[in-house]
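Residue-level structure breakdown
The primary structure of each chain is shown beneath.
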Amino acid sequence: MKLLIIYIKIIYLFFFLLMKVYAEETIPIDITSDEMQWDDNKRIAYAIGNAVAIQGNKKITAAKLIVYLEKNNDNNEIILIKAEGNVVFTSIDEIATGKIATYDLVKNNIVIENNVTLKKNDNIMKGEILKIDFNTGISQINNKKESEKVKMRFLPKKSDKK
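Below: a short report on this structure.

What counts and what doesn't
- Residues numbered from 1 in each chain as written.
- Predicted model: local features only at pLDDT ≥ 70, side-chain atom pairs only at ≥ 80, totals over all residues.
- Heavy atoms only, no water.
- Helix = DSSP H or I, 4+ residues; strand = E, 2+ residues; numbered from the N terminus.
- Buried < 20%, exposed > 50% of the residue type's maximum accessible area, 1.4 Å probe, protein only.
- Pairing = 2+ DSSP bridges.
- Core = buried A, V, L, I, M, F, W, Y, C linked by side-chain atoms within 4.5 Å.
- Contact = heavy atoms within 4.5 Å.
- Phe/Tyr/Trp six-rings, centres within 6.5 Å; stacked < 30°, edge-to-face > 60°.
- Lys NZ or Arg CZ within 6 Å of the ring centre and 35° of its normal.

1. A word on unusual backbone geometry
Within the chain, Asn-114 stands out as a residue other than glycine whose phi angle is a positive 70°. Position of Asn-114 among the secondary structure elements: in strand S7 (residues 109-120). On the basis of relative accessibility, which here comes to 22%, the residue Asn-114 falls in the partly exposed class. Backbone geometry places Asn-121, a non-glycine residue, at a positive phi of 55°. Following the sequence through the fold, Asn-121 ends up in the loop between S7 and strand S8 (123-133).

Given below as C-alpha cells:
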C-alpha cells in the first residue's frame, strides 16, 4: 500500500512538472507599437514607436523592438527580441532601464546596456551592463571599464517596534 502511494505521488509530481513546463512555453507574446513592419524572408518583425512586448508577467518597452522568429519552422516561435531606445523591462518584483536590450527567449535571459538601473524590491543597482538569468534568478551588473565602479543601494526594511 505504501508503495502504491509513493507511485501515485511520483506520477502526480511528474504530471505537475510537465504541466508547469508546458504552460511556460505556451504563454503568448503580445506586441503593440505605433507602426509594424514584417520581413518574411528574414522572419523579423519591427515594432516602431512606443513599442511594447508582454509575455505573462514580463514586459519590455522601447522606442523600437526587433523581433526574431525561428527560421526553420512556421510555428511563429519568437526566439529573440532586441530593444532600442529608452528600454524599460519589468517583471513581478523588478524594474530595469537602459538604452538597449537583448531578450533571449531560448536561453531565458536578458541583457540591458548603457546607463542601466535595476530596482528590485526597494534596492537599486546602477552600472553599464545588466544580465538577468531567469533560470537561476541571478542578476549581475557590471561596468564596461574596470576603473568604473558599479553602485548599489540597499534600503533596510523598517521594523514595527513599539
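2. Quick notes on the pairing of strand S4 (residues 58-69)
Pairing geometry for strand S3 (residues 44-55) and S4, over ten bridges, is antiparallel. Counted as the bridge partner of Tyr-46 is Ile-66 from S4. Hairpin connection between S3 and S4: a loop of two residues separates the two successive antiparallel strands, and Gly-56 in this loop has a positive phi of roughly 60°. Pairing geometry for S4 and strand S5 (residues 78-90), over nine bridges, is antiparallel. Its bridge partner lying in S5, Ile-66 is registered against Lys-82.

3. Re the nonpolar core
In summary, soluble globular proteins display a tendency toward joint burial of nonpolar side chains. Ranked by internal contacts, the top residues of the largest apolar core, which has 27 residues, are Ile-60, Leu-65, Ile-81, Ile-110, Ile-112 and Leu-130. Discounting residues that sit within four places of it in the chain, Leu-130 has contacts with Ala-96, Ile-110, Val-111, Ile-112, Val-116, Leu-118, Ser-139, Gln-140 and Ile-141.

4. Some thoughts on the packing of aromatic side chains
For the structure on display, the rule yields three aromatic pairs. Taken together, a centroid distance of 6.2 Å and an interplanar angle of 65° make the contact between Phe-89 and Tyr-103 edge-to-face. Of this pair, Phe-89 sits in strand S5 while Tyr-103 sits in strand S6 (residues 94-104), and the two are 14 residues apart along the sequence. Of the two residues, Phe-89 and Tyr-103, both sit in the buried class. When the ring of Tyr-103 is compared with that of Phe-134, the centres are 6.1 Å apart and the planes differ by 75°; the resulting orientation is edge-to-face. Placement of the pair is Tyr-103 in strand S6 and Phe-134 in the loop between S8 and strand S9 (138-142), with a sequence separation of 31 residues. Judged by relative accessible area, which is 5%, Tyr-103 ranks as buried. What links up through ring pairs into an aromatic cluster is the set Phe-89, Tyr-103 and Phe-134. Positioned above the aromatic ring of Phe-134 is the side chain of Lys-58, whose terminal nitrogen or guanidinium carbon lies 4.1 Å from the ring centre.

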